[in-house]
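# Topology and contacts: notes
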Amino acid sequence: MRTAVCDDDRKFCHRMKGILEQYEEKREIYMGVELFYDGNELCESMARGERYDLIFLDVLMSGVNGIETGKYIRKAIEDEEAKIIYVSFDEGHAVDLFQNQPTNFLKKPVKTEQVFHTLDELSRAAERRRTHFVYKRGNLTYRIPYRDIFYYQSAGRKVQIHTRNRVWEYNGKLSHLLKDGLPSDFISIHKSYIVNRNYISEKRYDKIYIAAERIWLSISQAHRKEVRKRLKDQISKLGTGRKFSTNFDRITDEFCQKTRK
């Protein structure tokens, strides 16, 4: 769970980081905390493509305040998935905050038990919605949003998870992933690859292209029929109204363009 803490009070930022690291240790859930000391820093980070599952955001910051920062996150970069938790000494901004769809509001001084309770609720909600891929490495539990995963790759006795920010890795097998079940957006194209079809930017007979990583991945002969069917089914759901023929690759490209919009 990538977490951002944004506040112009540096002491508060570091205290929050300490609380979140306590939570990571006690609940054994990876938090990945990054600190930002004004709203502009956080906006610039997200404008470069960085994404955070959870954002603790001060309301009354100098410069770009928390309300403007939240509006940028929701409207400018259209991130509807990040959970925003506002923090402030002042509770009088409820109407202004509401437009940015916050998950919660914590009144300063923030207490450790408040943070723990809020994070526990978020974890339970994520499990119910099944929005994250969860795995363990050592004593820590890692949660990666399915929306951020480009593809899974088998690497010997390990599974690599290719995402927007980095490649994660744990001990396991792709066959276990398929057995346990993944969201319908994920397609097995090879014994070594399971791909999120929302990131397929081009398809050919025996391979697909993931533009986000500038890489072609092979479709094994045993998987070609199923891959073709799964992509055609998705195009049908989008309502193209077209008949499928030898132009399937072209239509697939049109489908990929729609899913990226």
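Everything quoted here is computed from the prediction, not taken from an experiment.

As a further point, take the packing of aromatic side chains. Taken as a whole and assessed by the stated rule, the structure comprises 16 aromatic pairs. Taken together, a centroid distance of 4.8 Å and an interplanar angle of 20° make the contact between Tyr30 and Tyr142 stacked. Placement of the pair is Tyr30 in the loop between helix H1 (10-27) and strand E2 (33-36) and Tyr142 in strand E7 (residues 140-145), with a sequence separation of 112 residues. Ring pairing ties together the aromatic residues Tyr30, Phe133, Tyr135, Tyr142, Tyr146, Tyr152, Trp168, Tyr170 and Phe186, which thus form one cluster. One residue, Lys207, lies across the ring of Trp216, its end atom 4.8 Å from the ring centre.

Put simply, the second largest pocket is a space of about 320 Å³. Around the second largest pocket, the lining comprises 17 residues; the ones closest to its centre are Glu81, Arg129, Thr131, His132 and Pro145. For the lining of the second largest pocket, the leading source of residues is helix H5 (residues 112-129), giving 4 residues. Taken together, the residues of the lining of the second largest pocket break down into 7 nonpolar, 3 polar and 7 charged.

Two numbers describe how helix H2 (residues 39-47) lies on helix H3 (residues 66-76): the axes approach to 9 Å, and their chain directions differ by 10°. Classed by the angle they form, the pair H2 and H3 counts as roughly parallel. Contact residues: H2 offers Gly39, Leu42, Cys43, Met46 and Ala47, while H3 offers Thr69, Tyr72 and Ile73. Here the contact of H2 with H3 is built from residues that sort into 6 nonpolar, 2 polar and no charged.

On to empty space enclosed by the protein, then. According to the stated counting rule, one finds 1 cavity of 30 Å³ or more in the structure shown. Roughly 100 Å³ of internal volume is contained in the largest cavity. When residues in the lining of the largest cavity are grouped by element, the largest group, 4 residues, is from E7. Residue composition of the lining of the largest cavity, by class: 6 nonpolar, 2 polar and 4 charged.

What follows deals with unusual backbone geometry. For residues other than glycine, phi is negative in most cases, and the peptide bonds are mostly trans. Of the consecutive residues Lys108 and Pro109, the connecting peptide bond is found in the cis state with omega at -5°. Turning to its location among the elements, Pro109 is positioned in the loop between strand E5 (104-107) and H5. Phi is positive for Glu28, which is not a glycine, with a value near 55°. In this structure, Arg214 takes a positive phi of about 55° despite not being glycine. Mapped onto the elements, Arg214 comes out in the loop between strand E14 (207-210) and strand E15 (215-218). Looking at Arg214, the relative accessible area reads 73%, which means it is exposed.

All right, on to the state of the cysteines then. The final tally for this structure, using the stated rule, is 0 disulfides. Counting only cysteine sulfurs, Cys6 is the nearest neighbor of Cys13, a cysteine outside any disulfide, at a range of 7.0 Å.

Taken in spatial order, the 5 strands of this open sheet run E2-E1-E3-E4-E5, and their pairing is parallel. Edge positions in the sheet fall to E2 and E5, since each has one partner strand and no second. Between one strand and the next, the sheet's axes are offset by a mean angle of 20°, whatever the strand orientation. The pairing of strand E4 (residues 83-88) with E5 spans 4 bridges and is parallel. Bridge pairing links Val87 to Leu106 in E5. Lying over the sheet, H1 contacts strand E1 (3-6), E2, strand E3 (54-58) and E4, oriented at roughly 170° with respect to E2. Here H5 sits on the sheet in contact with E3, E4 and E5, set at roughly 170° to E5.

What counts, and at which threshold
- The residue numbering used here restarts from 1 in each chain and proceeds along that chain's sequence as written.
- Local features in a predicted model are, by the rule used here, given only for residues with pLDDT of at least 70; side-chain atom pairs are given and counted only at 80 or more, and totals for whole chains, interfaces and linings are based on all residues.
- As a rule here, side-chain values cover all heavy atoms of the structure and leave hydrogens and water aside.
- Stacked, tilted and edge-to-face are the three classes assigned to paired rings of Phe, Tyr and Trp, where Trp is represented by its six-membered ring and a pair needs centres within 6.5 Å; plane angles under 30 degrees give stacked, over 60 edge-to-face, the rest tilted.
- Helix numbers and strand numbers start at the N terminus; a helix is a DSSP run of H or I with at least 4 residues, a strand a run of E with at least 2.
- Distance and angle both matter: a charge sits over a ring if NZ of Lys or CZ of Arg is within 6 Å of the ring centre and within 35 degrees of the ring normal.
- Space inside and on the surface of the protein is sampled on a 1 Å grid over the protein atoms alone, with a cavity defined as a set of points where a 1.4 Å probe fits but cannot get out and a pocket as an open set with protein on both sides within 12 Å along at least 5 of 7 lines; lining residues have an atom within 4 Å of a point.
- Grid points are joined across faces, edges and corners, and a volume is the space filled by probe spheres set on the points.
- The classification used treats Ala, Val, Leu, Ile, Met, Phe, Trp, Tyr, Cys and Pro as nonpolar, Asp, Glu, Lys and Arg as charged, and all other residues, Gly among them, as polar.
- Interaxial angles span 0 to 180 degrees and are taken between N-to-C directions of axes, which are lines fitted to C-alpha atoms, for helices over the stretch in contact.
- Roughly parallel refers to an angle under 35 degrees, roughly antiparallel to one over 145, roughly perpendicular to one between 65 and 115, and oblique to any angle outside these ranges.
- A contact between two residues is defined here by any heavy atoms of the two lying within 4.5 Å.
- For every residue, the accessible area (1.4 Å probe, protein chains only) is compared with the maximum for its type, and the residue is labelled buried under 20%, exposed over 50%, or partly exposed between those bounds.
- The rule for a disulfide is simple: a pair of cysteine sulfur atoms within 2.5 Å.
- By definition, two strands form a pair when at least two bridges between them are found by DSSP.

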